[in-house]
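Observations on chain architecture
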Amino acid sequence: MIGTHGSLRPHAVTAACLVALAVIPGDANGQVGAIGAAPMVVASGESLGVGTGAHALQPPIWTGSGMQVGAGQWAGSATVASTPGTVQLGPVEAGFNYDQFVIGAFYAPSDRSTLGFSMFPYIGIGLEATGLGRKETSGRGDAAVFGKYQLWRSGNGKTRVSGVGSIQLPIGESGYGANGTVIGLGGAVSHQLERLSLHGSLSVAVPTDDQDGETAMNVSAAAVYGVSPRVALALELNRESTSLADGFGGTVDLAYVHLAPGTRFRIGNSLILTTSLLTTLSSSVDVKPFDYAFALGLELAR
């Protein structure tokens, strides 16, 4: 998956809540944040465009990396993710699913810089309650362009620090993306050993439209271990915090901590298959944004 250090967020809060309120009456204040957090699952990682040729040792979901690829290298990726679960809307428990498809690509014009983009061609939302049937809606999400520049590297090249900037473009259909441009700034540090790579990243996403909430902060850490030349295991920890409009004239402060074990399988010399299982460890609202989610991706690196 190619991402943008937390700046690309297909804010589907509006669409999700419209579906929920059309199906189930009652006060959904406490659920707005929980529903709206589901889009963050796939939006904030960076796994390609950060390696030194050992792409199998890059984190697959949230965590950015300080590493860079060599000049002239490029890669593309496609990822699907599904977030099933239940939400309590008023007195009724409803089944909820949030599905995403994200594509991206990058190119390294030099050994110190990377340029790329990512986009959500499809976002699907479904809500079903006993006796009230099922409602579904889908649409196109936003896109983003991003750049990364290596700020420092150790003498042996094993430790590197990079800065990242991104611009989220509000090209999504109504209710499936931001209302305005979102500016992302962040940094990442990585340390690579023979089989183990360690990564940490910090980023902020600053909306330019008040309807998109306040500045979001994303802090992530990851460890990736190469079991063999073709198989790697990853473990990531992520904390996301922001404030979003609740649909009733107020705001909801959100803070979540997520955990994601994952795998990376190298197929041939250029393809990598990524799998991840995501879960929420803690939530600032009464209901977690999701109990678990799945992500499956395919990366082509040249």
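Predicted model, so just to flag it, every value in this text is computed and none were measured. (Residues numbered from 1 in each chain as written. Predicted model: local features only at pLDDT ≥ 70, side-chain atom pairs only at ≥ 80, totals over all residues. Heavy atoms only, no water.)

This brings us to the overall build of the protein. Secondary structure assignment for the protein yields three helices and 13 strands. By residue count, 54% of the 302 residues in the protein fall in the buried class. Intrachain contacts of the protein at a sequence separation of at least 6 include 60% that bridge at least 24 residues. (Helix = DSSP H or I, 4+ residues; strand = E, 2+ residues; numbered from the N terminus. Buried < 20%, exposed > 50% of the residue type's maximum accessible area, 1.4 Å probe, protein only. Contact = heavy atoms within 4.5 Å.)

Attention now moves to the environment of Ser166. Locating Ser166 in the fold gives a position in strand E6 (residues 159-169). Judged by relative accessible area, Ser166 falls into the buried class, the value being 5%. Considered as a pair, Ser166 and Ile183 are 17 residues apart in the sequence and their alpha carbons are 6.0 Å apart.

The next point concerns the pattern of salt bridges. A pair can form between side chains of opposite charge whenever their charged atoms are brought close. Overall, the coordinates contain three salt bridges when judged by the stated rule. Here Glu128 ties to Arg134 by a salt bridge, and the two come within 3.6 Å at their closest N and O atoms. On the accessibility criterion, Glu128 (42% relative accessible area) is partly exposed. Here Arg134 falls in the partly exposed class, since its relative accessible area comes to 37%. Two residues, Arg134 and Glu136, come together in a salt bridge whose shortest N-O distance is 2.7 Å. (Salt bridge = Lys/Arg side-chain N within 4 Å of Asp/Glu carboxyl O.)

We now examine the pairing of strand E7 (residues 182-192). With 10 bridges connecting them, E6 and E7 associate as antiparallel partners. Across the sheet, the residue bridging to Val164 is Gly186, located in E7. Taken together, the 11 bridges between E7 and strand E8 (residues 196-207) define a ladder with antiparallel strand orientation. From the neighbouring strand, Ser190 faces E8, where its bridge partner is His199. Between the end of E7 and the start of E8, which pair antiparallel, lie three residues. (Pairing = 2+ DSSP bridges.)

In terms of nonpolar packing, the biggest core is built from 11 residues, these being Val87, Ala94, Phe96, Tyr98, Val102, Phe120, Ile123, Ile125, Leu127, Ala129 and Tyr176. Going through the elements one at a time, strand E2 (92-107) and strand E3 (113-129) are the ones with two or more residues in this core. Looking at this core, the element that brings in the most residues is E3, giving five residues. (Core = buried A, V, L, I, M, F, W, Y, C linked by side-chain atoms within 4.5 Å.)

When the pLDDT values of the protein are averaged, the result is 77; 76% of them are 70 or greater. Across residues 1-56, where pLDDT falls below 50, the model places 212 contacts with residues more than four positions away in sequence or in other chains. (pLDDT = per-residue confidence, 0-100.)

Our next topic: the packing of aromatic side chains. How two aromatic rings sit relative to each other is set out by the distance from centre to centre and by the angle between their planes. This structure, assessed with the given rule, holds one aromatic pair. Each ring, one from Tyr292 and one from Phe294, has its centre 5.4 Å from the other, and the planes form 70°; the classification is edge-to-face. The class for Tyr292 is partly exposed, based on a relative accessible area of 38%. A relative accessible area of 44% places Phe294 in the partly exposed class. (Phe/Tyr/Trp six-rings, centres within 6.5 Å; stacked < 30°, edge-to-face > 60°.)

In this fold, Ser154 is placed in the loop between strand E5 (143-153) and E6. Relative accessible area serves as the criterion here: at 13%, Ser154 is assigned to the buried category. A polar contact is formed between the side chain of Ser154 and the side chain of Asn156, at a distance of 2.7 Å. Of note is the side chain of Ser154, whose polar atom sits 3.3 Å from the backbone nitrogen of Lys158. (Polar contact = N/O pair within 3.5 Å; in protein donor to acceptor, adjacent residues only side chain to side chain.)

Below, the discussion takes up the pairing of strand E4 (residues 133-139). Here seven bridges tie E3 to E4, and the two strands are oriented antiparallel to one another. Directly across from Leu127, in E4, lies its bridge partner Lys135. Hairpin connection, E3 to E4: the antiparallel pair is bridged by three residues, and Gly131 has positive phi, about 80°.

Our focus in this paragraph is the environment of Gly70. Assignment of secondary structure puts Gly70 in the loop between helix H3 (40-43) and strand E1 (74-89). The exposure class assigned to Gly70 is partly exposed, which follows from its relative accessible area of 24%. Considered as a pair, Gly70 and Ser110 are 40 residues apart in the sequence and their alpha carbons are 6.7 Å apart. Those residues in contact with Gly70 that lie beyond four places of it in its chain are Ala108, Ser110 and Asp111.

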